[in-house]
There are 2 protein chains.
Amino acid sequence: MPSAEALKKYAHLLVCGGCNLQPGQELYVSADVTQAPLVRLIVAEAYAAGASNVTSYFTDEQVSRINYDCKSVERFSEFPEWRAVLQNGVAERGAALLFISSEDPMGFAGVDPKKLSAFQVAATKACRAWRDGMDFGRNVWVIAGAASPAWAARVFPDLPEEEAMERLWQAILLTARADGDDPLADWRAHDESFRDRTAWLNQQRFDALRYRNSLGTDLVIGLNPDGLWAGGGETTVSGQRFYPNMPTEEIYTTPDWRRVDGVVVASMPLNHGGALVRDFRVEFKNGRVCAWSAAEGEDILTSIIETDEGAHHLGECALVPYGNPIQRTGVLFLNTLYDENAACHLALGRGFAECVEGGRDLDAEALKERGINDSMTHVDFMIGTADLTITGIKANGEEVPVFVNGVWA
Amino acid sequence: MPSAEALKKYAHLLVCGGCNLQPGQELYVSADVTQAPLVRLIVAEAYAAGASNVTSYFTDEQVSRINYDCKSVERFSEFPEWRAVLQNGVAERGAALLFISSEDPMGFAGVDPKKLSAFQVAATKACRAWRDGMDFGRNVWVIAGAASPAWAARVFPDLPEEEAMERLWQAILLTARADGDDPLADWRAHDESFRDRTAWLNQQRFDALRYRNSLGTDLVIGLNPDGLWAGGGETTVSGQRFYPNMPTEEIYTTPDWRRVDGVVVASMPLNHGGALVRDFRVEFKNGRVCAWSAAEGEDILTSIIETDEGAHHLGECALVPYGNPIQRTGVLFLNTLYDENAACHLALGRGFAECVEGGRDLDAEALKERGINDSMTHVDFMIGTADLTITGIKANGEEVPVFVNGVWA
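Attention in this report is confined to the structure presented alongside it. (Residues numbered from 1 in each chain as written. Chains lettered and ligands numbered in written order. Predicted model: local features only at pLDDT ≥ 70, side-chain atom pairs only at ≥ 80, totals over all residues. Heavy atoms only, no water.)

### Topic: the overall build of chain A
Item 1. The number of helices and strands found in chain A is 13 helices and 21 strands.
Item 2. Based on the C-alpha atoms only, the size of chain A along its principal axes is roughly 55 × 50 × 45 Å.
Item 3. In chain A, which comprises 409 residues, the proportion classed as buried is 60%.
Item 4. The contacts of chain A with a sequence gap of at least 6 include a subset with a gap of at least 24, amounting to 76%.
Item 5. For chain A, the accessible area works out to roughly 15600 Å², and carbon and sulfur atoms hold 49% of it.
Item 6. Averaged over its 36 positive side-chain charges, chain A has a centre that lies 3 Å from the centre of its 58 negative ones. (Helix = DSSP H or I, 4+ residues; strand = E, 2+ residues; numbered from the N terminus. Buried < 20%, exposed > 50% of the residue type's maximum accessible area, 1.4 Å probe, protein only. Contact = heavy atoms within 4.5 Å. Areas by Shrake-Rupley, 256 points an atom, 1.4 Å probe, with all protein chains shown as cover. Lys, Arg positive; Asp, Glu negative; His and termini not counted. Charge placed at Lys NZ, Arg CZ, Asp CG, Glu CD.)

See the structure below:
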């Protein structure tokens, strides 16, 4: 475990940096029962920052696992009413939403994937205000990690528990830039650093990106004519700056869901609800997934793609230079929050409204017309390698190198 | 910690004995985050017994404490809507309600008592179906203990943590009759043993009980002409037998709230929401509290009595022989579930509908007319001593010894 001081500094960063919690605002924090010590610090920091109320919601992933094992798939199409009232309620009251991620990457391995996606679909349907609050920039939201014995054991299987926990906490605090003298200032500087690159990308107005590497990826992704690249912090419609992912190293946009062609090969395993998909490839034709295969967990991949029609299309493409701090730790975190920031990635499913001009004022139908995909789900998978080349293609055919050998050209 | 086997046996007793969970029935279990290992076993036992669903609700008492310290009293008059939906929902669906009690007896010491009672009042108002489900025999409910480091440290302040936990768990499993070869059979036998005494008391039709001891207690409590004594297990209106308190050693009734006169001196400290009241006395005139004092925590006692008009009257008198197993452990648990079963006690506040014939079919007004007190609260306090004498007084003036020297006459 990190020192009490280091943990308090992290809690302060999450509340005052990540959430940028305002006096009078509510905070909602969800965490596994193993994270109670961190949650206590977060709750205290929130009141110190002037929170009007803090709602803490604890779950136990072993209890969740027993539920998945013991209940029928039908049961998972019912989202508990009280949880919808809880989640929609805090969202509607403008709460900042803070999610502590500490799950065992294999915690749900072997669970019937139909149960996992039935529950995700039910949750999305029942929690409209909650989802929209995040998707349309009404609520501040932050995902951040915390080490748990189960997670640490998966990442460092050869170390004793205490040492594994120590190593994972170190990597978490380092990559979250929480271990310096002034983490809030470090994050402001980090946030600034994204601005040049997003400005350049937004100026280029690429019509498409072509991805190629030695793994076999050969893919062309169409971009929207008024598409926007984003990264680092975000700003709510009412002007509150926040950092949704801590850590974050990615610059991303939502491509045109109708114009994706070719083959993409994953460069890292995909952890979906605790189940792993390894060594997989996905093929696209006219924007739609037309074939896929995986050496391990193919049924998980199938259930992701078959969640709905929107899950057959891309909702995100993200640029992450090879050799960034997360990738440099050399740790395979088996947690998307970290691993997606280690490498370039794509996502199947829902796109981001804020990735086209004025998108936040549009409904799902209008967004789709503008090229922004809609789906119940959004699943990232890593494709970046040390030899990845990304070429920007303009409408007039001009080609501009974006990534060469895995890093910015 | 007890062995995995002992803990599993306890979980099985709570689910299959205490709750007597039926196939297809739901289970609701609430516990502190420290009790996740026990909750996991309970959830597994519930599904093994055929539960249709298990809802586990975790709280963290340190987070609760921070909330009490940081929010204004006004905030505690608002009960969160989602918790009302949760609690009323499970009650309305006929769930068995299982409460794991492991709280630090001093966890809420120093909290403004107005906040504690404001929250209790708000909870009672918001959770009518939940309260009625328990009060009117619609829902099975069980309170049982589990050792936590904070609780163990209060009970055994001179022992190292591990040894204190060991001792407290031993006392919990022993007094809950969970450590024999067949705990379910032990509980059936224990339940039977209450029947002779409740039958005798119900036959006597005492008009009043007179309490006297050397502490200064000299009190006459009027009983209802059609009052009923109960103890051990209870049965829901639909016929499901259950054990609300594990352990239990008490035989109790609700006296006539209009006929209590004299002075009663507490024989043990009262733990109310984590705050302790010590060495206190309460005086009654014509059924109503007319004076009180305490050497410590008098403000807590005042806030209990001033919760509402009903809190000025008695809702329960319970007979517990001195020298019973809980008292014999010699442990002052600082937890009402245990300490109330160590000694005769009374309660201020709400009475029990089932303690008059046909009472479960009556509303609060009709119950009050029959002598059953109504209040937002119900607070037990211990009065039993080794020299307590209780005399039954019949309507014709005949006197019958009930307790002599602290035990059944």
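### Examining the sheet that holds strand β7 (residues 230-231) of chain B
Residues and elements named next belong to chain B.
Item 1. Spatial ordering of the open sheet is given by β7-β11-β16-β17-β18, a layout of 5 strands whose pairing is antiparallel. At either margin of the open sheet sits one strand with a lone partner, and together these are β7 and β18 (378-382).
Item 2. Inspection of the sheet shows strand β17 (residues 345-349) paired to β18 by 5 bridges, in the antiparallel sense. Looking at the pairing, Leu346 lines up with Phe381 of β18. (Pairing = 2+ DSSP bridges.)

### Notes on the relation of the copies chain B and chain A
Item 1. Overlay of chain B on chain A (RMSD 0.0 Å): rotation 180 degrees, translation along the axis 0.0 Å. Between the two chains, the operation in question is that of a two-fold axis.
Item 2. Both copies contact each other with a shared surface, as 100% of the interface residues of chain B are interface residues in chain A too. (Least-squares fit on C-alpha atoms with pLDDT ≥ 70 in both.)

### A look at the packing of helix α2 (residues 36-48) of chain A against helix α3 (residues 61-70) of chain B
Geometry of a packed helix pair, given as the angle between the helix axes and the separation of the axes.
Item 1. Look at α2(A) against α3(B): their axes get within 9 Å of each other, and the N-to-C directions meet at 10 degrees. The orientation of α2(A) with respect to α3(B), classified from their angle, is roughly parallel. Across the interface between the two elements, A:Val39, A:Arg40, A:Val43, A:Ala44 and A:Tyr47 from α2(A) touch B:Gln62, B:Val63, B:Ile66, B:Asn67 and B:Cys70 from α3(B).
Item 2. Residue composition of the contact of α2(A) with α3(B), grouped by class: 7 nonpolar, 2 polar and 1 charged. (Axes fitted to C-alpha atoms, helices over the stretch in contact; angles between N-to-C directions. Parallel < 35°, antiparallel > 145°, perpendicular 65-115°, else oblique. Nonpolar A, V, L, I, M, F, W, Y, C, P; charged D, E, K, R; others polar.)

### Concerning helix α1 (residues 4-18) of chain B
Item 1. End to end, α1(B) covers 20 Å across 15 residues, agreeing with the expected 21 Å (1.5 Å per residue, within 8%).
Item 2. Backbone geometry just after α1(B) places B:Asn20 at a positive phi near 50 degrees. (Expected span 1.5 Å × (residues − 1).)

### Side note on the pairing of strand β5 (residues 208-212) of chain B
Residue and element names in this part refer to chain B.
Item 1. Of all 5 residues in β5, 4 are buried, a share of seventy percent or more.
Item 2. Pairing of β5 with strand β6 (residues 218-222), which is carried by 5 bridges, proceeds in the antiparallel orientation. Along β6, the bridge assignment pairs Arg212 with Asp218.
Item 3. Of the strand pairs in this sheet, β5 and strand β19 (residues 389-393) are connected by 5 bridges, and their pairing is antiparallel. Looking across to β19, one finds that Leu209 is bridged to Gly392.

### Remarks on the interface of chain B and chain A
Item 1. Residue-level contacts link 25 residues of chain B with 25 residues of chain A.
Item 2. Summing both partners gives a buried area of about 2400 Å² for chain B against chain A, and 66% of it is carried by carbon and sulfur.
Item 3. Considering only the surface of chain B that becomes buried against chain A, B:Arg40, B:Tyr47 and B:Trp82 emerge as the three largest contributors, covering 27% of it.
Item 4. Put simply, chain B and chain A have 2 salt bridges between them.
Item 5. Linking B:Asp60 and A:Arg40 is a salt bridge whose minimum nitrogen-to-oxygen distance equals 2.5 Å.
Item 6. Listing elements by their share of the side of chain B that touches chain A, those giving two or more residues are α2 (36-48), β2 (53-59), α3 and α4 (81-92) of chain B.
Item 7. A per-element tally of the side of chain B that touches chain A places α2(B) first, with 6 residues.
Item 8. A class-by-class count of the residues in the side of chain B that touches chain A yields 14 nonpolar, 6 polar and 5 charged. (Buried area = accessible area lost by both parts, 1.4 Å probe. Salt bridge = Lys/Arg side-chain N within 4 Å of Asp/Glu carboxyl O.)

### Let's talk about the packing of α1(B) against α2(B)
Residue and element names in this part refer to chain B.
Item 1. Across the interface, α1 lies against α2 with an axial gap of 9 Å and an inter-helix angle of 55 degrees. It follows that α1 is oblique to α2 by the angle criterion. Handedness of the α1/α2 crossing: right-handed. Contacts between α1 and α2 involve Leu7, Lys8, Tyr10, Ala11, His12, Leu14 and Val15 from the first element and Leu38, Leu41, Ile42, Glu45 and Ala46 from the second.
Item 2. Of the residues belonging to the contact of α1 with α2, the class tally is 9 nonpolar, 1 polar and 2 charged. (Left-handed = near helix turned anticlockwise from the far one by under 90°.)

### Description of the nonpolar core
Item 1. By size, the foremost hydrophobic cluster in this structure holds 160 residues, and its most contacted members are A:Tyr10, A:Ile42, A:Trp169, B:Tyr10, B:Ile42 and B:Trp169.
Item 2. Residues within four places of B:Tyr10 in sequence aside, it is in contact with B:Leu38, B:Ala144, B:Gly145, B:Trp169, B:Ile172, B:Leu173, B:Ala176 and B:Ala178. (Core = buried A, V, L, I, M, F, W, Y, C linked by side-chain atoms within 4.5 Å.)

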